[in-house]
Amino acid sequence: MTDVRGLVEQYIAVWNETDGDKRRALIADLFTEDVRYTDPLGAVAGHDGIDQFVGGAQQQFAGLTFSLPAEPDAHHDLARFQWYLGTPGTEPVAIGFDVVELEDGKIAKVHGFLDKLPG
């Protein structure tokens, strides 16, 4: 089986990478070419779609970082994990969980869910 913990850590790193060139390189390494991402706030496809969606979230939540509060749970070609968004050491301003579908060691689909939103 794929190193799911490593993939999920890379996924979190994509959301935290503010340098556009570095983020696009991470996206190319982590996601399939035709990746699909869906959460309650949007749906995008492909590397450019992921990059633009992440960039938009970073602008909206400038200065906050994503973290992985627990080990991912995985079976077959699926993994699920919770994430936090906030300032380290404080209560997260947003909490969610994602389910990812894996294909040949890369993320092919992301199904995102939001448990807590700011405001």
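None of the values given here were measured: they were computed from a predicted structure.

Following the UniProt record, one finds the feature "domain: SnoaL-like" (unreviewed entry) at residues 8–109. Regarding residues 8–109, the helix share stands at 34% and the strand share at 41%, and the terminal C-alpha atoms are separated by 13 Å.

There is about 270 Å³ of room inside the largest pocket. For the largest pocket, the lining is made up of 18 residues, of which Trp-15, Asp-39, Leu-41, Ala-57 and Phe-61 are closest to its centre. The set of elements that each furnish at least two residues to the lining of the largest pocket consists of α1 (4–16), β1 (31–39), α3 (46–60), β5 (78–86) and β6 (94–103). A breakdown of the residues in the lining of the largest pocket according to their chemical character gives 14 nonpolar, two polar and two charged.

On to the side chain of Asp-39. Mapped onto the fold, Asp-39 is located in strand β1. Among the polar contacts made by the side chain of Asp-39, one reaches the side chain of Tyr-37 at a distance of 2.8 Å. There is a polar contact of 2.7 Å between the side chain of Asp-39 and the backbone nitrogen of Leu-41. Contacts of Asp-39, omitting those with residues within four sequence positions, involve Phe-53 and Gly-112.

Once that is clear, we can look at the nonpolar core. Within the largest apolar cluster, 26 residues are counted, with the highest numbers of intra-cluster contacts made by Tyr-11, Phe-31 and Ile-107. Broken down by secondary-structure element, the contributors of at least two residues to this core are α1, α2 (20–30), β1, α3, β5, β6 and β7 (106–116).

Further remarks concern the pairing of β6. Alignment of β5 against β6, held across eight bridges, turns out to be antiparallel. Within β6, the position partnered with Ala-79 by the bridge is Val-100. Pairing of β6 with β7 involves nine bridges; the strand directions are antiparallel. Among the inter-strand pairings, Gly-96 is bridged to a residue of β7, identified as Leu-114. Hairpin connection from β6 to β7: two residues lie between these consecutive antiparallel strands, with Asp-104 at a positive phi of about 55°.

About the criteria used
- Every chain is numbered independently, its residues counted from 1 as its sequence is written.
- It should be noted that, the model being predicted, local features are given only for residues of pLDDT at least 70 and side-chain atom pairs only at 80 or more, the latter also being counted only at that level, while totals for whole chains, interfaces and linings use all residues.
- Water and hydrogen atoms were dropped before computing side-chain values, which therefore reflect all heavy atoms in the structure.
- UniProt positions are given in the numbering used here, feature names are shortened, and annotations may be inferred rather than shown by experiment.
- The helix and strand labels rest on DSSP assignments: H or I over at least four residues marks a helix, E over at least two residues marks a strand, and numbering proceeds from the N terminus.
- Site definitions follow a grid-based scheme: protein atoms alone, a 1 Å grid, a 1.4 Å probe that fits but cannot get out for cavities, and for pockets an open set with protein on both sides within 12 Å along at least five of seven lines, plus lining residues having an atom within 4 Å of a point.
- Grid points are joined across faces, edges and corners, and a volume is the space filled by probe spheres set on the points.
- For this classification, the nonpolar set comprises Ala, Val, Leu, Ile, Met, Phe, Trp, Tyr, Cys and Pro, the charged set comprises Asp, Glu, Lys and Arg, and every other residue, Gly included, is treated as polar.
- Here a polar contact means two N or O atoms within 3.5 Å. Within protein one must be a hydrogen donor candidate and the other an acceptor candidate, and residues neighboring in sequence count only if both atoms are side-chain atoms.
- A contact between two residues is defined here by any heavy atoms of the two lying within 4.5 Å.
- In this text, buried Ala, Val, Leu, Ile, Met, Phe, Trp, Tyr and Cys residues form a nonpolar core when linked through side-chain atoms within 4.5 Å.
- For every residue, the accessible area (1.4 Å probe, protein chains only) is compared with the maximum for its type, and the residue is labelled buried under 20%, exposed over 50%, or partly exposed between those bounds.
- Criterion used throughout: strands pair if DSSP finds at least two bridges between them.

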